[in-house]
Amino acid sequence: MSGPIQPAVLDGHNDVLLKLYRAGGLAAAETFITGRDGHIDLPRATEGGFGGGFFAVFIPSAIDLDEKTEQMQRPSYDLPLPEPIDWEDALPVALTEAAILFRLEELGALTVCRSAADMRACLAGGRMAAILHMEGAEAIDPDLHALDVLYRAGLRSLGPVWSRPTIFGHGVPFRYPSDGDIGPGLTDHGLRLVKRCNELRIMIDLSHMNMAGFWDVARQSDAPLVATHSNAHAVCAHARNLTDDQLAAIRDSDGMVGLNFAVAFLREDGRMVDTGLDQMLRHLDHLIDRLGETRVGLGSDFDGAVVPSEIGSAAGLPALREAMRAHGYDEGLMKKLCQENWLRVLEKTWGG
């Protein structure tokens with residue numbers, strides 16, 4: 001009998017908590033163990049060698065997914081962003097999604113990790129490692145009381161925005177072709193949020209943030225700059241992707257970028273239609289060239305994006321590993337890209 005697939009993948013972003021929330025909340029948690037219709041569950045993770053990663057708490061807006069998909073299949077598009085959500089409305093949803101993650105831990109599916117040492121122990125023991133992450137800070141109040149409480153519950157990573165504006169800053173729309181030089185940056189609340197995250201050693205995620213906000217964080221933060229699920233604008237000129245100037249700032253901070261598997265951010269034409277793994281390798285090559293071998297990883301966006309059909313779900317990660325090896329990535333680089341680079345930047349950000 002063969003052992004676990006290696007190297008196990010530590011992943012920069014997934015949205016399974018949102019999917020479980022929509023499927024029934026806590027009552028749906030057991031489907032993560034038995035099997036569910038989606039990208040990540042325990043059977044798929046075991047089959048694909050998915051070792052864990054960032055589990056996002058995300059506050060949904062009412063979006064017509066069919067209309068969004070149709071628009072993003074056009075040669076160019078600019079989708080309107082949903083309206084902001086008040087923190088009083090967002091907080092109950094955030095707490096429910098966090099409770100789902102802790103329920104998964106109670107069921108034995110994973111361990112909620114609060115340190116890099118926790119994550120290394122999970123990898124060594126074959127247990128899924130989960131980081132409580134917040135994608136968009138809608139649930140954080142202006143006084144940051146919720147941030148302090150969520151930190152003590154286990155929150156270790158936070159993106160101030162998910163494209164939709166918050167009281168803390170502004171994100172990028174789903175726009176192609178475009179860059180992220182769209183609108184103002186961090187608000188005064190946002191500057192205070194960055195400072196408090198630095199004090200608590202909460203990682204700040206720059207994915208979805210517009211260019212002005214990115215540079216505000218770069219000036220204000222004393223931590224490595226990290227984009228958990230973003231790609232190279234030089235390969236795909238989408239507003240969600242990072243320019244070479246942004247990549248240089250991330251490199252200079254000794255930060256990190258996780259490759260997003262979403263087809264619209266991979267393809268040169270920015271369209272939400274299937275693409276081959278060769279496009280993922282093009283982005284990886286560019287990111288490695290600009291950032292170095294120690295600052296690039298994977299950030300799938302499983303359960304939150306349309307991913308290449310050759311992968312399909314967490315069970316399909318062996319296809320990506322095979323493509324990476326065939327492309328010439330040796331085993332040392334494979335381990336860095338799959339897990340070691342995330343452990344390195346988290347140790348530097350969290351402090352051990």
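Residues numbered from 1 in each chain as written. Predicted model: local features only at pLDDT ≥ 70, side-chain atom pairs only at ≥ 80, totals over all residues. Heavy atoms only, no water.

Participant: Help me understand the overall build of the protein in this model?
Facilitator: A count of helices and strands for the protein gives 14 helices and 11 strands. Relative to its length of 352 residues, the protein is compact, with a C-alpha radius of gyration of 18 Å against a globular reference of 20 Å. In terms of overall dimensions, the protein has C-alpha extents of about 55 × 45 × 40 Å along its principal axes. A total of 352 residues make up the protein; the buried ones form 59% of that total. Here the analysis covers contacts within the protein between residues at least 6 apart in sequence; of these, 75% occur between residues at least 24 apart. (Helix = DSSP H or I, 4+ residues; strand = E, 2+ residues; numbered from the N terminus. Rg over C-alpha atoms; globule rule 2.2 N^0.38 Å. Buried < 20%, exposed > 50% of the residue type's maximum accessible area, 1.4 Å probe, protein only. Contact = heavy atoms within 4.5 Å.)

Participant: Looking at this model, I keep getting lost on unusual backbone geometry. Mind explaining?
Facilitator: Where the residue is not glycine, phi is negative for most of them; where a peptide bond is considered, it is trans in most cases. In this chain, Tyr176 is followed by Pro177 through a cis amide linkage whose omega measures -10°. Note on placement: Pro177 falls in the loop between strand E7 (175-176) and helix H8 (188-200). You will see that Ser163, though not glycine, has its phi angle at about 50°, which is positive. Tracing the backbone through its elements, the reader meets Ser163 in the loop between strand E6 (155-159) and E7. With a relative accessible area of 1%, Ser163 lands in the buried category. Positive phi, normally seen in glycine, also occurs at His208, with a value near 80°. Examined against the element boundaries, His208 turns out to sit in the loop between strand E8 (203-204) and helix H9 (211-220).

Participant: Where do I start with the pattern of salt bridges in this structure?
Facilitator: Two side chains carrying opposite charge are able to pair once their charged atoms lie near each other. The final tally for this structure, using the stated rule, is 22 salt bridges. A salt bridge links Arg164 to Glu138; the nearest nitrogen and oxygen atoms lie 2.8 Å apart. Taken as a pair, Arg164 in the loop between E6 and E7 and Glu138 in the loop between strand E5 (128-135) and helix H7 (145-153) lie far apart in primary sequence, 26 residues in all. Accessibility assignment for this pair places Arg164 and Glu138 in one class, buried. Here Lys348 and Asp254 are joined by a salt bridge, their closest N and O atoms 3.0 Å apart. (Salt bridge = Lys/Arg side-chain N within 4 Å of Asp/Glu carboxyl O.)

Participant: Explain the nonpolar core here, please?
Facilitator: Taken as a class, soluble globular proteins show a tendency for nonpolar side chains to be buried jointly. Residues Phe32, Leu110, Ile140, Leu147, Leu158 and Phe261 are the most contacted members of the largest nonpolar core, which totals 84 residues. For this core, the element with the highest residue contribution is helix H5 (residues 87-106), accounting for 8 residues. Leu158 has contacts with His133, Met134, Ala137, Ile140, Leu147, Leu193, Cys197, Ile202, Met203, Ile204 and Asp205, leaving out every residue within four places of it along the chain. (Core = buried A, V, L, I, M, F, W, Y, C linked by side-chain atoms within 4.5 Å.)

Participant: What am I meant to see in the packing of aromatic side chains here?
Facilitator: Describing an aromatic ring pair means giving the distance of the ring centres and the angle of the ring planes. Within this structure, the stated rule accounts for 7 aromatic pairs. Ring-pair connections join several aromatic residues into one group, and the members of that group are Phe58, Trp162, Phe174 and Phe265. Note that Lys68 overlies the ring of Phe174, its terminal NZ or CZ placed 4.4 Å from the centroid. (Phe/Tyr/Trp six-rings, centres within 6.5 Å; stacked < 30°, edge-to-face > 60°. Lys NZ or Arg CZ within 6 Å of the ring centre and 35° of its normal.)

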